[in-house]
Amino acid sequence: KRVAVLISGRGSNMTALIESAKEPDYPAEIVGVISDKVDAPGLHIAEAAGIATKVLERRDYQTKEAHDLAIDATLHALGAELVCLAGYMRLLTTSFVREWQGRMINIHPALLPLFRGLDTHRKALEAGVRLHGCSVHFVTAEMDGGPIIAQAAVPVLPDDSPESLSARVLKAEHRLYPMALRLVAEGKARIEGDKVRFEGMTA
Ligand code: GRF
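How each quantity is defined
- Residues numbered from 1 in each chain as written.
- Predicted model: local features only at pLDDT ≥ 70, side-chain atom pairs only at ≥ 80, totals over all residues.
- UniProt positions renumbered as here; feature names shortened; annotations may be inferred.
- Helix = DSSP H or I, 4+ residues; strand = E, 2+ residues; numbered from the N terminus.
- Rg over C-alpha atoms; globule rule 2.2 N^0.38 Å.
- Contact = placed C-beta atoms within 7 Å.
- Buried ≥ 20, exposed ≤ 12 C-beta atoms within 10 Å, placed from the backbone.
- pLDDT = per-residue confidence, 0-100.
- Near = placed C-beta within 6 Å.
- Nonpolar A, V, L, I, M, F, W, Y, C, P; charged D, E, K, R; others polar.
- Domains from an automatic or database assignment.
- Arc of directions from axis to C-beta.
- Axes fitted to C-alpha atoms, helices over the stretch in contact; angles between N-to-C directions.
- Parallel < 35°, antiparallel > 145°, perpendicular 65-115°, else oblique.
- Left-handed = near helix turned anticlockwise from the far one by under 90°.

An unreviewed UniProt entry lists the chain under the name Phosphoribosylglycinamide formyltransferase, with Pseudaminobacter soli given as the organism. Here is the UniProt Function (unreviewed entry) comment for the chain, exactly as written: "Catalyzes the transfer of a formyl group from 10-formyltetrahydrofolate to 5-phospho-ribosyl-glycinamide (GAR), producing 5-phospho-ribosyl-N-formylglycinamide (FGAR) and tetrahydrofolate." The Pathway (unreviewed entry) comment attached to the chain in UniProt states, word for word, "Purine metabolism; IMP biosynthesis via de novo pathway; N(2)-formyl-N(1)-(5-phospho-D-ribosyl)glycinamide from N(1)-(5-phospho-D-ribosyl)glycinamide (10-formyl THF route): step 1/1."

Undergrad: Kindly report on the overall build of the chain, identifying the contributing residues and their values.
TA: A tally of regular secondary structure across the chain gives six helices and nine strands. Here the C-alpha atoms of the chain give a radius of gyration of 16 Å, agreeing with the 17 Å that 2.2 N^0.38 yields for 203 residues. Summarising its shape, the C-alpha atoms of the chain cover approximately 50 × 40 × 35 Å along the three principal directions. Taking the intrachain contacts of the chain between residues at least 6 apart in sequence as the baseline, contacts between residues at least 24 apart amount to 67%.

Undergrad: Before we move on, could you go through the environment of Val169 and cite the residues and values that matter?
TA: Turning to its location among the elements, Val169 is positioned in helix H6 (residues 162–185). Exposure remark for Val169: the 24 C-beta atoms within 10 Å place this residue in the buried category. Between the C-alpha atom of Val169 and that of Ala153, which follows or precedes it by 16 residues, the distance is 7.8 Å. Excluding anything up to four places from it in sequence, Val169 contacts Pro109, His121, His132, Gly133, Cys134 and Val154.

Undergrad: Tell me about the confidence of the model for the chain, residues and numbers included.
TA: The predicted coordinates of low-pLDDT regions are not to be read in fine detail. When the pLDDT values of the chain are averaged, the result is 97; 99% of them are 70 or greater. What the predictor reports for the complex is a pTM of 0.97 with an ipTM of 0.98.

Undergrad: Got a sec to walk through the site of the ligand? Specific residues and values, please.
TA: Surrounding the ligand, one finds 16 residues, the nearest of these being Arg10, Ser12, Asn13, Gly87 and Pro109. Elements that contribute at least two residues to the shell around the ligand include exactly helix H1 (12–21), strand S5 (104–108) and H6. Among the elements that line the shell around the ligand, the one with the most residues is H1, at three residues. For the shell around the ligand, a count of residues per class yields seven nonpolar, seven polar and two charged. Looking at which domains feed residues into the shell around the ligand, each of domain 1 (1–100) and domain 2 (108–203) gives three or more.

Undergrad: So what's going on with helix H5 (residues 120–127)? Residues and values would help.
TA: Those residues of H5 not exposed but buried are Thr120, His121 and Ala124. Angularly, the buried residues of H5 cover 100 degrees about the axis, an arc narrow enough to put them on a single face. Buried residues along H5 sit in contact with strand S6 (131–138) and H6. Directly after H5, the chain includes Gly128, whose backbone phi takes a positive value near 75 degrees.

Undergrad: Explain the packing of H1 against H6 to me, using residue names and the numbers behind them.
TA: Two elements in contact, H1 and H6, have axes whose closest approach is 9 Å; the angle formed by their N-to-C orientations is 45 degrees. Considered as vectors, H1 and H6 are oriented oblique to each other. Crossing hand, H1 versus H6: right-handed. Along the contact surface, H1 presents Ser12, Asn13, Ala16, Leu17 and Ser20, while H6 presents Leu170, Glu173, His174, Tyr177, Pro178 and Leu181.

So, in structure tokens, the structure goes:
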């Protein structure tokens, strides 16, 4: 499957996807990286890996709809079949989400449905949970609310700061995202209403 990655920043999850896609039996190829920030560090990593990059900044479009239409056009030009959001820090319009529904996934740094939105590590520490982690889910109109494909948990340690916890979760993200994309690219995890239907997987 031809996969495009949307980023806004560092791009460490994007890098994990690029690395995994190099494996000979991996069912997806990263065909392009789109950033809404011209200075996203991830762009340099993608370029160094020989992957097509495109910057589409919000301020160059009059409306949010026009911005998302430009992203959509770029995805089509790349021949993308699947979209991975990887630290893309902007909410997508409902028409864009509808168009890509079932073919667009996101990684969120929390065990959903806990801690949607930003600042998840601080929220987890405040809540006093002893397990935290990350989730990969299909993107639907509801922010961080789409059906969950895969999750990984990490312990919350007594001395954790948001930073130390975030670093532990990030390591788990880098393993989880390639695994979840594999399931979707192989057609083993498909969206069905508000759930994921798994096929060809044994317990
Ligand atoms: C990750 O924690 C991801 O879960 C969240 O934003 C962060 C992006 O980091 N959506 P990176 O750009 O992949 O390094």
